[in-house]
Amino acid sequence: MPRLTDARKELRRAQIAEAAVRCFDRNGLERTSIADITAESGLSAGSIYTHYRNKADLVQAAAREVLAKRAEVLGEYAASDTPPDPDELLARLIAAIDPAEARVGVQTWGEATTDPVIRGIVVDMIDQMRAMLRDCVTAWLVKVEDQEPAAARERATPIAHRVSALYQAELLYTALRSPTQETA
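Owing to the predicted nature of the structure, the values given are computational and were not obtained by experimental measurement. (Residues numbered from 1 in each chain as written. Predicted model: local features only at pLDDT ≥ 70, side-chain atom pairs only at ≥ 80, totals over all residues. Heavy atoms only, no water.)

J.: How should I be thinking about the packing of aromatic side chains in this particular structure?
T.: How two aromatic rings sit relative to each other is given by the distance of their centres and the angle of their planes. Considering all chains together, one arrives at zero aromatic pairs under this definition. Lying over the aromatic face of Tyr77, Arg92 brings its terminal NZ or CZ to 4.7 Å of the ring centre. (Phe/Tyr/Trp six-rings, centres within 6.5 Å; stacked < 30°, edge-to-face > 60°. Lys NZ or Arg CZ within 6 Å of the ring centre and 35° of its normal.)

This is how it looks when you write it as structure tokens:
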């Protein structure tokens, strides 16, 4: 059997994680089995277990994938000559919410209340998101509002916290909407 290259392994991991997100969205985290993910991905259970130890690994991969998408966008915002102000930043984040990802995210938050492994994943992801938001708001304060970097970073922390909270509220609202409301 030929060995997989690193690039091929990453593609396979992404294929499995995407299939898991679709299953988590459709069935819920608790009711999704590895057999469901196997059927959804078109791969064997052995292939899935080659890339992920268990369902918690898949949840972590899905969370990291979503965070990576947000990190790329936030990095572009922070690097631009005129980063968006906090209201515009929040509006852009909300506009980019994917309903399926929102539902899986909220389910993951629920699991985090009773599963210490999932709790660690969620807390880490929220902390990373807040740090990225803080960096973006700091860039806006420095580049647009002409503040000194140290003062801007200090001022950015509570603003980023509020943007994060409002974004999470919108994720929850999106997750609670029915699929028919999404298309309306």
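J.: Looking at this structure, I do not really get the packing of helix α7 (residues 116-143) against helix α8 (residues 149-176). What am I missing?
T.: A pair of packed helices is characterised by two quantities: the angle between their axes and the separation of those axes. Between α7 and α8, the shortest axis-to-axis distance is 7 Å and the interhelical angle comes to 130°. Classed by the angle they form, the pair α7 and α8 counts as oblique. Crossing of α7 over α8 shows right-handed handedness. Grouping the constituent residues of the contact of α7 with α8 by class yields 13 nonpolar, five polar and five charged. (Axes fitted to C-alpha atoms, helices over the stretch in contact; angles between N-to-C directions. Helix = DSSP H or I, 4+ residues; strand = E, 2+ residues; numbered from the N terminus. Parallel < 35°, antiparallel > 145°, perpendicular 65-115°, else oblique. Left-handed = near helix turned anticlockwise from the far one by under 90°. Nonpolar A, V, L, I, M, F, W, Y, C, P; charged D, E, K, R; others polar.)

J.: Before we go on, may I ask you to explain a negative patch on the surface in this structure?
T.: Residues Asp85, Asp87, Glu145 and Asp146 make up a contiguous surface patch of negative charge. Examined against the element boundaries, Asp146 turns out to sit in the loop between α7 and α8. Judged by relative accessible area, which is 65%, Asp146 ranks as exposed. (Patch = residues over 30% accessible without salt bridge, like charges linked within 9 Å, V, L, I, M, F, W, Y side chains within 5 Å. Areas by Shrake-Rupley, 256 points an atom, 1.4 Å probe, with all protein chains shown as cover. Salt bridge = Lys/Arg side-chain N within 4 Å of Asp/Glu carboxyl O. Lys, Arg positive; Asp, Glu negative; His and termini not counted. Charge placed at Lys NZ, Arg CZ, Asp CG, Glu CD. Buried < 20%, exposed > 50% of the residue type's maximum accessible area, 1.4 Å probe, protein only.)

Distances and angles like these do not, on their own, reveal function.
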